[in-house]
Amino acid sequence: LTRLLIRKGALKNALEHLNRVTTRRTITFVISDFFAPDFKKTLSITNKRHDVIAVNITDPAETRLPEAGIVKLHDAETGEPSLIDTADKRLRELYAVRAEKLALDREQLFRSVNVDSIDISTDSSYVEPLIRFFRTRERRMKRR
């Protein structure tokens, strides 16, 4: 059920579902691109009940728009199509700036609700980011 809720883009609903069905404190890995709207408050509540670790999956295509001419894209959430001219340098620059802002906003959101995060890219191995995360977390826990 939780997988289905996330697939539909309802990250907030998946977190609410976790809070309803899980009474014991858990370590919860939330794997997503975190593009879902309006889930900050629910993430904060969930992190107070559980130890939430956000695993942020990114694809290089989300940060760099290749110069490929006119392409038809479909919105991943709504399926709505649109035509864009990727040969337009200004469009590619705006795309990169927007992607950077989204990444910074996501980092700020995680910090604001005290959620640890791991960034994993689809174009490289996930092993190093995971090892780095757990080593950092282990050092932090030892200091407590």
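Residues numbered from 1 in each chain as written. Predicted model: local features only at pLDDT ≥ 70, side-chain atom pairs only at ≥ 80, totals over all residues. Heavy atoms only, no water.

**Student:** Is there a simple way to think about the layout of surface pockets in this case?
**Tutor:** Where empty space is left can be seen by rolling a probe of water-molecule size over the atoms. The volume enclosed by the largest pocket comes to roughly 1100 Å³. Considering the residues around the largest pocket, the lining is formed by 38 residues, among which Phe 35, Ala 61, Glu 62, Tyr 95 and Arg 98 are closest to the centre. Of all the elements in the fold, those that place two or more residues in the lining of the largest pocket are β2 (51-58), β3 (70-74), β4 (81-85), α4 (89-112) and β5 (116-121). Considered class by class, the residues forming the lining of the largest pocket number 18 nonpolar, eight polar and twelve charged. (1 Å grid on protein atoms, 1.4 Å probe; cavity = no way out; pocket = protein on both sides within 12 Å on 5 of 7 lines; lining within 4 Å. Points joined across faces, edges and corners; volume = space filled by probe spheres on them. Helix = DSSP H or I, 4+ residues; strand = E, 2+ residues; numbered from the N terminus. Nonpolar A, V, L, I, M, F, W, Y, C, P; charged D, E, K, R; others polar.)

**Student:** Looking at this structure, how should I read the side chain of Arg 92?
**Tutor:** Mapped onto the elements of the fold, Arg 92 is located in helix α4. From its side chain, Arg 92 meets the backbone oxygen of Ala 87 in a polar contact 3.1 Å long. (Polar contact = N/O pair within 3.5 Å; in protein donor to acceptor, adjacent residues only side chain to side chain.)

**Student:** How do you make sense of the confidence of the model for the protein chain when you look at a structure like this?
**Tutor:** Segments scoring low in pLDDT should not have their predicted coordinates read at a detailed level. The predicted model of the protein chain averages 89 in pLDDT, with 93% of residues at 70 or higher. Counted against residues more than four places away or in other chains, residues 1-6, with its pLDDT under 50, gives nine contacts. (pLDDT = per-residue confidence, 0-100. Contact = heavy atoms within 4.5 Å.)

**Student:** Looking at this model, I keep getting lost on the pattern of salt bridges. Mind explaining?
**Tutor:** Side-chain pairs of opposite charge can arise whenever the charged atoms involved come near each other. Applying the stated criterion across every chain yields a total of eight salt bridges. Notably, a salt bridge pairs Glu 107 with Arg 111, separated by 3.8 Å at the nearest N-O pair. Within this pair, Glu 107 and its partner Arg 111 are both found in helix α4, separated by four residues, close to a single helical turn. By relative accessible area, which is 36% here, Glu 107 ends up partly exposed. Note on Arg 111: relative accessible area 55%, which makes it exposed. Where salt bridges share partners, they join Asp 51, Asp 116, Arg 137 and Arg 140 into one cluster. (Salt bridge = Lys/Arg side-chain N within 4 Å of Asp/Glu carboxyl O. Buried < 20%, exposed > 50% of the residue type's maximum accessible area, 1.4 Å probe, protein only.)

**Student:** Got a minute to help me understand the sheet that holds β5 in this structure?
**Tutor:** Sheet strands line up and pair through hydrogen bonds in the backbone, either parallel or antiparallel. Taking strand neighbours across the sheet as the criterion, the three strands line up as β1-β2-β5 in an open arrangement whose pairing is parallel. Both edges of this open sheet fall to β1 (27-32) and β5, since each of them pairs with a single strand only. The sheet shows a mean angle of 20° between the axes of neighbouring strands, direction not considered. Here six bridges tie β2 to β5, and the two strands are oriented parallel to one another. Considered in β5, the bridge of Ile 57 is made with Ile 120. (Pairing = 2+ DSSP bridges. Axes fitted to C-alpha atoms, helices over the stretch in contact; angles between N-to-C directions.)

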